[in-house]
Amino acid sequence: MLPTTFEEIFITKTGELTMKLTINKLIKEAIEFCKQESNITHDELIGVTDGKAVGTYIEHKFEEYLKNKYDVTIGSSAKGIDLPDRHINTDIKVTSIKKPQSSSSFKSIEQKIYGLGYNLLIFIYEKTDINNNCYLDFKHCMFLESERSGDYNLTKILRKMIELGAKEADIIEILKDNDIPGDEEALKILAQRIMKNPPKQGYLTISNAFQWRLRYINAINLEDEIQGVYTYEEYNGKEDDEYQTPLFFTDEICNYLKNELEINPNIIIEPTCGIGNFIKSASKTFPKSQIYGIDIDKEKLNKIDSTIPNIKLINENILTFKFNHFDKKNSFLIIGNPPYFTKNKLSKINAKNKTDLKVLTNNENIDISEYILPNIIDEFKNTKTTLAFLCKTKISRNVFIKLVRNKIEYSFIKQININSPKIYKIKEDTCLFIIQFGGKTLTDKTCKVSEISNPSKRLYEFGFVEDKFYSNIDDIPPIDGKCELEWRHGVKHDCAKIMEFTLENNQLINKNYEPVNIEKTLIYPLLKSGQLKKPIVDETSKYVLITQKKIKQDTNYIKTEAPKTWKYLKDNKEYFDKRKSSSYTNTPEFSIFGIGDYSFKKYKVAIAGFCKNPIFSLVTGDKTFMLDDSCYFLSFDDYDTAYITMLILNSELVKKFLNHTAILDSKRPFSKKLLKRIDISKCLELLSYNDLKNTEENLELKAYINEDKYNSYKKQFE
Ligand SMILES: C[S@@+](CC[C@H](N)C(=O)[O-])C[C@H]1O[C@@H](n2cnc3c(N)ncnc32)[C@H](O)[C@@H]1O
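Residues numbered from 1 in each chain as written. Predicted model: local features only at pLDDT ≥ 70, side-chain atom pairs only at ≥ 80, totals over all residues. Heavy atoms only, no water.

Engineer: Any chance you could explain the pairing of strand β15 (residues 412–417) here in plain terms?
Structural biologist: Consecutive residues of a regular strand have side chains that alternate between opposite faces of the sheet. Judged by how many residues are buried, β15 sits mostly within the fold: five of six residues are covered. One ladder, built from six bridges, connects β15 with strand β16 (residues 430–437); its direction is antiparallel. Its bridge partner lying in β16, I413 is registered against I435. Pairing of β15 with strand β17 (residues 446–451), which is carried by four bridges, proceeds in the parallel orientation. In the strand pairing of β17, K414 is matched with K448. (Buried < 20%, exposed > 50% of the residue type's maximum accessible area, 1.4 Å probe, protein only. Helix = DSSP H or I, 4+ residues; strand = E, 2+ residues; numbered from the N terminus. Pairing = 2+ DSSP bridges.)

Engineer: Mind showing me how you'd approach a negative patch on the surface here?
Structural biologist: Side chains of D170, E173, D177 and D179 sit close together on the surface and give a patch of like negative charge. Among the structural elements, D179 can be located in the loop between α5 (168–177) and α6 (184–196). (Patch = residues over 30% accessible without salt bridge, like charges linked within 9 Å, V, L, I, M, F, W, Y side chains within 5 Å. Areas by Shrake-Rupley, 256 points an atom, 1.4 Å probe, with all protein chains shown as cover. Salt bridge = Lys/Arg side-chain N within 4 Å of Asp/Glu carboxyl O. Lys, Arg positive; Asp, Glu negative; His and termini not counted. Charge placed at Lys NZ, Arg CZ, Asp CG, Glu CD.)

Engineer: Even after reading the chapter, I still don't get the packing of helix α9 (residues 247–259) against helix α10 (residues 277–285), so can you show me in this structure?
Structural biologist: When two helices pack together, you describe them by how their axes are tilted relative to each other and by the distance separating the axes. Here α9 crosses α10 at 40 degrees, and the two axes come no closer than 8 Å. Our classification of the angle between α9 and α10 gives oblique. Note on packing geometry: the crossing formed by α9 with α10 is right-handed. Residues L247, T250, D251, I253, C254, N255 and K258 of α9 touch α10, and the partners they reach there are N277, F278, K280, S281, A282, K284 and T285. (Axes fitted to C-alpha atoms, helices over the stretch in contact; angles between N-to-C directions. Parallel < 35°, antiparallel > 145°, perpendicular 65-115°, else oblique. Left-handed = near helix turned anticlockwise from the far one by under 90°. Contact = heavy atoms within 4.5 Å.)

Engineer: How should I be thinking about the nonpolar core in this particular structure?
Structural biologist: Most often, soluble globular proteins have nonpolar side chains that are buried together. In this structure, W487, I648, L649 and I678 are the most contacted members of the largest nonpolar core, which totals 41 residues. Mapped onto this core, the elements with two or more residues apiece are β27 (603–608), β30 (631–636), α20 (639–649), α21 (652–661), α22 (672–675), α23 (680–686), α24 (689–698) and α25 (707–716). At seven residues, α20 tops the list of elements feeding residues into this core. Among all residues touching W487, those that are not within four sequence positions of it are V605, I607, F616, Y632, F633, L634, L649, K672, L675 and K676. (Core = buried A, V, L, I, M, F, W, Y, C linked by side-chain atoms within 4.5 Å.)

Engineer: Explain the packing of aromatic side chains here, please?
Structural biologist: Two aromatic rings are characterised by how far apart their centres lie and by the angle between their planes. Counted under the stated rule, the structure contains 33 aromatic pairs. Aromatic side chains F462 and F469 sit 6.2 Å apart centroid to centroid with 55 degrees between the ring planes, which places their arrangement in the tilted category. Owing to a relative accessible area of 11%, F469 belongs among the buried residues under this scheme. Centre to centre, the rings of Y584 and F593 are 5.3 Å apart; their planes meet at 65 degrees, and the pair counts as edge-to-face. The class for F593 is buried, based on a relative accessible area of 19%. Cluster of aromatic residues (ring-pair linked, three or more members): Y292, F321, F323, F326, F332 and F380. Sitting over the ring of F380, K328 keeps its end group 5.1 Å from the ring centre. If you follow K709 out to its NZ or CZ, it ends over the ring of Y704, 3.5 Å from the centre. (Phe/Tyr/Trp six-rings, centres within 6.5 Å; stacked < 30°, edge-to-face > 60°. Lys NZ or Arg CZ within 6 Å of the ring centre and 35° of its normal.)

Engineer: Would you explain the sheet that holds β16 in this entry?
Structural biologist: Either a parallel or an antiparallel arrangement is found when strands of a sheet pair, and the pairing is made through backbone hydrogen bonds. Taken in spatial order, the ten strands make up an open sheet running β12-β11-β10-β13-β14-β16-β15-β17-β18-β19, and their pairing is mixed. Edge strands, defined here as strands with exactly one partner in the open sheet, are β12 (311–314) and β19 (468–470). Across this sheet, the average inter-strand angle for adjacent strands is 15 degrees, counted without regard to direction. Sheet topology places β17 next to strand β18 (residues 460–465); four bridges connect them, and they run antiparallel. Following the sheet pairing, K448 is matched in β18 by E461.

Engineer: Would you take a moment to explain the pairing of strand β6 (residues 133–144) for this structure?
Structural biologist: Of all twelve residues that make up β6, twelve are buried, and the element is covered over most of its length. Bridge count between strand β5 (residues 119–130) and β6: eleven bridges; the pairing is antiparallel. Looking at the pairing, I124 lines up with H140 of β6.

Engineer: Which parts of the structure should I look at to understand the environment of T695?
Structural biologist: One can find T695 in helix α24. Residue class for T695 comes out buried when judged on its relative accessible area of 8%. In sequence terms T695 and L649 are 46 residues apart; their C-alpha atoms lie 9.7 Å from each other. Once residues lying within four places of it in the same chain are set aside, the contact partners of T695 are L647, N650 and S651.

Engineer: Just to check I follow, could you spell out helix α14 (residues 393–405) for this structure?
Structural biologist: Spacing of three or four residues puts side chains on the same side of an α-helix, whose turn is 3.6 residues. Given a rise of 1.5 Å per residue, 13 residues ought to cover 18 Å, and the 18 Å separating the end C-alpha atoms of α14 matches this to within 8%. Turning to α14, its buried residues number three or more, namely T393, I395, S396, R397, V399, F400, I401, L403 and V404. At the C-terminal side of α14, K407 shows a positive phi close to 55 degrees. (Expected span 1.5 Å × (residues − 1).)

Engineer: Help me out: how do you make sense of the sheet that holds strand β21 (residues 500–504) in this one?
Structural biologist: Spatially, six strands are ordered β23-β22-β21-β26-β24-β29 in an open sheet, and the strand pairing comes out mixed. Of all the strands in the sheet, just β23 (515–516) and β29 (626–627) have a single pairing partner and so form its edges. In terms of strand pairing, β21 meets strand β22 (residues 507–510) through four bridges, oriented antiparallel. Across the sheet, residue L503 finds its bridge partner in β22, namely L508. Its contacts with the sheet put helix α18 (residues 563–571) on β21, β22, β23 and β26 (542–545), and the angle it makes with β26 is roughly 85 degrees.

Engineer: Sorry if this is basic, but what is going on with empty space enclosed by the protein here?
Structural biologist: Empty pockets left among the atoms are what a rolling probe the size of a water molecule brings to light. Tallied over the full model, the rule gives three cavities of 30 Å³ or more. By volume, the second largest cavity is sized at about 40 Å³. Considering the residues around the second largest cavity, the lining is formed by E126, T128, D137, F248 and K422. A class-by-class count of the residues in the lining of the second largest cavity yields one nonpolar, one polar and three charged. (1 Å grid on protein atoms, 1.4 Å probe; cavity = no way out; pocket = protein on both sides within 12 Å on 5 of 7 lines; lining within 4 Å. Points joined across faces, edges and corners; volume = space filled by probe spheres on them. Nonpolar A, V, L, I, M, F, W, Y, C, P; charged D, E, K, R; others polar.)

Engineer: Help me understand the environment of I88, please; the structure alone is not making it clear to me.
Structural biologist: For I88, the position within the fold is in the loop between β3 (70–71) and β4 (90–96). Here the alpha-carbon distance between I88 and V72, two residues 16 residues apart in the chain, equals 9.0 Å. Excluding anything up to four places from it in sequence, I88 contacts L21, T22, I23, L26, L83 and N119.

Engineer: How do you make sense of the pattern of salt bridges when you look at a structure like this?
Structural biologist: Enumeration over the complete set of coordinates arrives at 30 salt bridges. For K601, the salt bridge goes to D637, with nearest N and O atoms at 3.7 Å. In this pair, K601 is assigned in the loop between α19 (573–577) and β27 and D637 in the loop between β30 and α20, connecting sequence segments 36 residues apart. Of the residues examined, K601 reaches a relative accessible area of 27% and is grouped as partly exposed. Classification of D637 by relative accessible area gives exposed; the value is 61%. One network of salt bridges, in which partners are shared, links R458, E461 and D474.

In structure tokens:
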């Protein structure tokens, strides 16, 4: 690393040039240290459970790391803090995420208000021992400026009081309430100082027994806009394509591939290798293989240990990389964790690839892995190859569907779900997706799913049965067919600010928070997805203006039928002109979609398309309820038919069918296409009157259905 100014260079007594450590550099180095140490094993710590021993190990390692690069004094416990140089003045603290606290003595009561008088550098780690390897995953690294090391609660109260104009006597009261020791005079002097010089928000909890604990959750969440607390995450600023796989996990995957799949590739390729943990693990597990790592980011490639035998690193863009120079007579393992980004959400490093991406993905906004994986499959499908990719489960499923639709033959396929919050600290469902080519072709068009904790135990299987896709093929209820009733989606207007209202004291208020005085003629009660949580919904506080009775109806009729409404629409025309969708061009003014005779029927049975665990609701009210375009519904003229349909759709039978067909990690798990597959006649063959009675009870509804109603409903479907 080169110094940026001359003052930063020191000449030591022996005449060597060394660099001066500054606070900024300390913070950056601490972050680098965390990244470095998270990626290697710490075998000295195997089996060590004493937090103090781990703390001392990390502290010493970091001090050594600094000493190798900088001219810096390291303190001893006898001398006080760890980095005592006046311009650094920092103590290092190490704490486990499982017990995120640290304690140390403090000297005066003023420290509780104005801080410890020195900065704190805090490392928070999680230790995992796996198969005789110890890994330290640094969760946070935080630098807390001295002024921020006061007591969290006390500084918070004092700051608030001063903001509200508290007097000296009030401050003294608070100090007393907080058991701050001192006589009246001492507290008075302290109160005057606090008023003149209010403390900064502190992030420790300091007890009067002269011990402190870090309020690290508050500091991490950075409750207020502050300077002086820097965290690992902030500096790390992770982009979607930066989630590097930890070494313990790349080790686990490589071992699994070797031991369970018994592969022995001569060439291993990691298409977006980043800092190369898969490369490291693969070189240990498959020492005889030639390994190629490709990444667009040279800085990441530079971090890979060049002494690893048989590796070749290639700094290229995977979107344009040509795989055809590999001799396809070899056996391959193509492994890794392709980046997550889409054309509309490009990472910095890919910003200049926007045009490539548009062309390659047909201008679709697909996740880039969904392009990379099929591309690699096309290249290697006729060779002896194992693909093992970490990806979102929605990508493995889409890639599997493409594989089947394009009639590509494979000899093994499996989805092993992984614990993404633990590995990558993300909530998204992710998996290790394995496909093999070159062996005996599998005829089943399904993919087994297991979990990383027990990869050989089959949880379930997804795929095609008689050309229909199921998210779980086990024991599918035989009600798949064609729904006799017509599913519709709710109203779409793309102009919520003007078209949607709440009713407050009988006054309509639009989404610009303006009171609106228009006729009630075209105003209808509105329900959105989030309101469909009960089996019967007959109340709402939302309303919508419905300008048409059917698609493309001329809207000029509003001028005479509801003149105030017409004026309101005209006054706000600019909002309608801003609507982006091309479907509004060449349509009458103020047009809407998702509207027809069905919208005005008195009874509807509706479902929220986005929800993971939805319920079918019977929707009714004095004036027809409209649904927004995130909902799907059936409409009815009579209550009984609507009611019994609602019971059928909420029955265990239909629930199970939906569980086997809905793709829960997709944007709209309950799509219209899926709902149209629920065959009511087939349901009626399997659902007795008693089954529906039970459903009614389970939904905690008042008894309404009886055998006569059930039988006359059934007749409609004969
Ligand atoms: C999610 S990280 C995974 C890194 C590594 N495979 C792992 O599992 O730890 C994705 C990597 O893709 C790289 N990358 C992003 N866009 C790329 C591109 N267009 N071509 C090649 N590499 C790319 C990033 O630099 C990053 O290192």
